[in-house]
Amino acid sequence: MSRIIKSGLIQMSLPKTEGEGTIEEIKEAMFQKHVPLIEAAGEQGVQILCLQEIFNTPYFCPGQNSDWYQSAEPVPGPTTERMAAYAAKYNMVIIVPVYEKEQAGVLYNTAAIIDADGKYLGKYRKNHIPHTSGFWEKFFFKPGNLGYPVFQTRYAKVGIYICYDRHFPDGARVLGLNGAEIVYNPSATVAGLSQYLWKLEQPAHAAANGYFMGCINRVGEEKPWNLGKFYGSSYFVDPRGQIFAQASEDKDELLVAEFDLGMIDEVRSVWQFFRDRRPETYGKLTEL
């Protein structure tokens, strides 16, 4: 049965960065820069919109400045409440990645899911935290502790994987087992070793599990860290592992695509990813 979905991804460069205002001013400038594209998505009839990793700040992890702890906030909290108004206005599910403060000293890299009526559905916390090659994330984030939830939104069953998570096939499989039809991966990744993996790993997850993915990466260079160029190239990929819509490498952009969730049944009727699994043969691996 045909189930057409219209989805959007926003990739964005910074209007302000460290040293160009207070942390709250920097966050507000990034929020306001997103508003026209959020509204454009709503006006185009986008049903599910996903923003980039920690969308409302620089990706401060190349440094180790504890001042950025101040940018963390509760989830749900002020930013999710503001986004809920846009979700309700446009009947649009919005995935909102932010820096979460659970309590003093307990901070996570998180994505909140807001349903099309503005209701907060829950959150995913990034499970795999790198600490290498200029991304000193363990200085800022605890590993996620919420597992791999799938959220029943008005339009589809949605799962979230965040940035470095994509290097690990295990969670991608669990999202499929938990019923995800679309998995969104908000990211912040620069040119270099990982750029060729950007178009390899996530199509592989989509093909191995028979679901759609929406993959978002920010654009531009971020001072004062100057770690490299965030190369954008946000895209959608189908359950056959084929990229069918892609954004530019260097422009602020709303990427919109329509696709048919009916393809999931079509693909899984050929490739029985879950029926033919043999978890009883994986015992020694899962005990490591």
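Residues numbered from 1 in each chain as written. Predicted model: local features only at pLDDT ≥ 70, side-chain atom pairs only at ≥ 80, totals over all residues. Heavy atoms only, no water.

**Quick look at the overall build of the protein**
- When its secondary structure is counted, the protein shows seven helices and 16 strands.
- Computed over its C-alpha atoms, the radius of gyration of the protein comes to 18 Å, within 12% of the 19 Å expected for a compact globule of 288 residues.
- Expressed as lengths along the three principal axes of its C-alpha atoms, the size of the protein is roughly 55 × 45 × 35 Å.
- Going through the 288 residues of the protein one by one, you find that 57% of them count as buried. (Helix = DSSP H or I, 4+ residues; strand = E, 2+ residues; numbered from the N terminus. Rg over C-alpha atoms; globule rule 2.2 N^0.38 Å. Buried < 20%, exposed > 50% of the residue type's maximum accessible area, 1.4 Å probe, protein only.)

**Details of the pairing of strand β5 (residues 120-125)**
- Relative to β5, strand β4 (residues 106-114) is paired through five bridges, and the arrangement is antiparallel. Counterpart to Thr110 in the pairing with β5 is Arg125. (Pairing = 2+ DSSP bridges.)

**Thoughts on the sheet that holds strand β1 (residues 4-11)**
- Taken in spatial order, the six strands line up as β5-β4-β3-β2-β1-β16 in an open sheet, and their pairing is mixed. The open sheet has two edge strands, β5 and β16 (253-260), and neither has a second partner. Going across the sheet, the axis of each strand differs from the next one's by a mean of 30°, ignoring polarity.
- In terms of strand pairing, strand β2 (residues 48-50) meets strand β3 (residues 93-103) through three bridges, oriented parallel. Paired with Ile48 across the strands is Val93, a residue of β3. (Axes fitted to C-alpha atoms, helices over the stretch in contact; angles between N-to-C directions.)

**Examining the UniProt feature "domain: CN hydrolase" (unreviewed entry) in the protein**
- In the numbering used here, UniProt assigns the feature "domain: CN hydrolase" (unreviewed entry) to residues 5-261.
- A helix fraction of 22% and a strand fraction of 31% characterise residues 5-261, whose end C-alpha atoms lie 7 Å from each other. (UniProt positions renumbered as here; feature names shortened; annotations may be inferred.)

**Structural notes on the nonpolar core**
- One finds Ile48, Ile95, Ile160, Ile182 and Tyr184 to be the most contacted residues of the largest nonpolar core, which totals 46 residues.
- Excluding residues that lie within four positions of it along the chain, Ile182 makes contacts with Ile5, Ile48, Ala156, Lys157, Val158, Gly159, Phe212, Phe259 and Leu261.
- With 26 residues, the next largest nonpolar core counts Leu14, Leu49, Val75 and Ala112 among its residues. (Core = buried A, V, L, I, M, F, W, Y, C linked by side-chain atoms within 4.5 Å. Contact = heavy atoms within 4.5 Å.)

**With respect to the sheet that holds strand β8 (residues 150-152)**
- The sheet built from six strands is open, its strands ordered β8-β9-β10-β11-β14-β15 with mixed pairing. Of all strands in the sheet, those bounded by a partner on one side alone are β8 and β15 (243-246). Sheet twist, expressed as the average angle between the axes of neighbouring strands with direction ignored, equals 20°.
- Strand contacts of helix α5 (residues 201-209): β10 (182-187), β11 (212-217), β14 (235-237) and β15, with the helix running at about 30° to β14, the strand carrying the most contacts.

**Regarding the side chain of Asp165**
- With respect to the helices, strands and loops of the structure, Asp165 is situated in the loop between β9 (157-160) and α3 (169-177).
- Buried charge without a salt bridge: Asp165, with Lys126 as the nearest opposite-charge side chain at an N-O distance of 6.6 Å.
- Reaching out from Asp165, the side chain makes a polar contact with the side chain of Tyr124 at a distance of 2.6 Å.
- If we skip the residues at most four places from it in the chain, Asp165 touches Tyr124, Lys126, Asn127 and His128. (Lys, Arg positive; Asp, Glu negative; His and termini not counted. Salt bridge = Lys/Arg side-chain N within 4 Å of Asp/Glu carboxyl O. Polar contact = N/O pair within 3.5 Å; in protein donor to acceptor, adjacent residues only side chain to side chain.)

**Observations concerning helix α1 (residues 23-43)**
- The end-to-end C-alpha distance of α1, which contains 21 residues, comes to 31 Å, matching closely the 30 Å that a straight helix rising 1.5 Å per residue would cover.
- Here α1 has its buried residues at Ile23, Ile26, Lys27, Ala29, Met30, Phe31, His34, Val35, Ile38, Ala40, Ala41 and Gly42.
- Just past α1, the residue Gly45 takes up positive phi, approximately 85°. (Expected span 1.5 Å × (residues − 1).)

**Some words on unusual backbone geometry**
- Between Val75 and Pro76 the backbone carries a cis peptide bond, its omega angle lying at 0°.
- Relative to the assigned elements, Pro76 resides in the loop between β2 and α2 (78-90).
- In the segment running from Lys223 into Pro224, the intervening peptide bond is cis, with an omega of 5°.
- Position of Pro224 relative to the elements: it lies in the loop between β12 (219-221) and β13 (229-231).
- Although it is not a glycine, Asn91 sits at a positive phi angle of roughly 50°.
- Of note, Asn91 is situated in the loop between α2 and β3.
- Even without being a glycine, Asn226 presents a positive backbone phi close to 50°.
- Note that Asn226 resides in the loop between β12 and β13.
- Residue Asn226 is classed as partly exposed on the basis of its relative accessible area of 46%.

**Things to note about the environment of Phe244**
- Of note, Phe244 is situated in strand β15.
- Remark: the alpha-carbon pair of Phe244 and Glu100, spanning 144 residues in sequence, is separated by 33 Å.
- Not counting residues up to four positions away in its chain, the partners in contact with Phe244 are Phe212, Phe236, Val237, Asp238, Ala257, Glu258 and Phe259.

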